[in-house]
Amino acid sequence: MSELRISVVIPTYNRLDTLRYVIPALRAQDLRAEMYEILVADSQSSDGTAEYLAEVAREDARVRHIPGPYTGRAGARNAGIAAARAPLVLFTDADIIASPDLLTRHLARHALPGGPRAVVGLEVQVDSYDDYLRKRDQPQFRNELHPHSRKRLSWLYFLTGNASVPRAELERVGGFDEDFTGYGHEDLELGYRLEHEAKLTIAYEPLAVNYHWHPVPFDQQQGRMELAGRSTVRFYRKHPTFGVQARLGMTPLSLVLHDVVRAVTPLHTWMETHAAQPGFARTLSFQYHYLTGVKKALRGDV
């Protein structure tokens, strides 16, 4: 009987710079080697990813390269699910460094009584490799989103940088929706279906830790917020409930406040002038660009 217990799925596109750290961390898990595999669903990278993975696979057959013309992370992750041979699938990314016991912690949480569940671990944001080392060795600097006492999460926190689900449940709900080809929400939307259609609990496991190393320049963050707003409209049109509308922040009140910020020129100018530095102006700017994306999608703008 195969001892394979968990398949790690990593979508990637031209992230060899960080993948060189991600793969060794996964290969060095404290779980026995025969219990897991590492699947890299590669959207035809041109930065040497294929050559790097071929070199690794010659040493370690657990690492499998799955290239394809994927149109987004949803399609890449679905390819990983289809190729997975273990009963449990863990999703992470090509810029996320795993703690040595990441897979052990996920498996332990799934083994608890209570039936099938999804598990989301702690994802720590880091700005550099040195910052990763500091937060790895000094947990007090991690800025955790949830308290350790939290046991369950809603679909709003089903973030696939550190999430595991039984493969049978993923197949039952149809995997990721590949219509989400832009930035954002393909993971939350899957979490919504796992919670509302498959009736799975989304458990929080703060001891399953990994480190997200992907600093994004400020102007790119603004652009991503607009793309996320567009994805919000796609999400809402698929699941048109007030709960989705409210949790994703596209209520009538928020849309009116967006009009106010746009119309009051001094406020808008102050916001964009000061948004480059962390603080209230940046938070307001991100929300403004997010709602700009929402409105464009509602109007049908390309």
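Read on for an overview of the structure. Because the structure is predicted, anything quoted here is derived from the model rather than measured.

How each quantity is defined
- Residues numbered from 1 in each chain as written.
- Predicted model: local features only at pLDDT ≥ 70, side-chain atom pairs only at ≥ 80, totals over all residues.
- Heavy atoms only, no water.
- Buried < 20%, exposed > 50% of the residue type's maximum accessible area, 1.4 Å probe, protein only.
- Helix = DSSP H or I, 4+ residues; strand = E, 2+ residues; numbered from the N terminus.
- Pairing = 2+ DSSP bridges.
- Patch = residues over 30% accessible without salt bridge, like charges linked within 9 Å, V, L, I, M, F, W, Y side chains within 5 Å.
- Areas by Shrake-Rupley, 256 points an atom, 1.4 Å probe, with all protein chains shown as cover.
- Salt bridge = Lys/Arg side-chain N within 4 Å of Asp/Glu carboxyl O.

Before going further, it helps to spend a moment on the pairing of strand 2 (residues 36–42). Counting buried positions along strand 2 gives seven out of seven residues, so the element sits mostly inside the fold. Residues Tyr-36, Ile-38, Val-40 and Asp-42 of strand 2 are buried on one face, and the alternating residues Glu-37, Leu-39 and Ala-41, pointing to the opposite face, are buried as well. In the sheet, strand 1 (residues 6–12) pairs with strand 2 via seven bridges, with the strands oriented parallel. Each bridged residue has a counterpart across the sheet, and for Pro-11 the counterpart in strand 2 is Ala-41.

This part is about a nonpolar patch on the surface. A surface patch of nonpolar side chains, amounting to about 430 Å² of accessible area, comprises Leu-253, Val-256, Leu-257, Val-260 and Val-264. Residue position: Val-256 is located in helix 10 (residues 252–263).

The subject of this paragraph is the pattern of salt bridges. Inspection of the entire model under this criterion finds 25 salt bridges. Note that Arg-27 is salt-bridged to Asp-60, the shortest N-O span being 3.0 Å. You can see Arg-27 sitting in helix 1 (residues 16–27) and its partner Asp-60 sitting in the loop between helix 2 (49–59) and strand 3 (63–67), a full 33 residues away along the chain. A relative accessible area of 8% means that Asp-60 is categorised as buried. With a shortest N-O distance of 3.5 Å, Glu-186 and Arg-73 are connected by a salt bridge. Of this pair, Glu-186 sits in helix 7 (residues 186–196) while Arg-73 sits in helix 3 (residues 73–83); the two residues are 113 residues apart in sequence, bridging distant segments of the chain. The exposure class of Glu-186 is buried, given its relative accessible area of 2%. Here the salt bridges do not stand alone but share partners, grouping Arg-27, Glu-59, Asp-60 and Arg-62 into one network.

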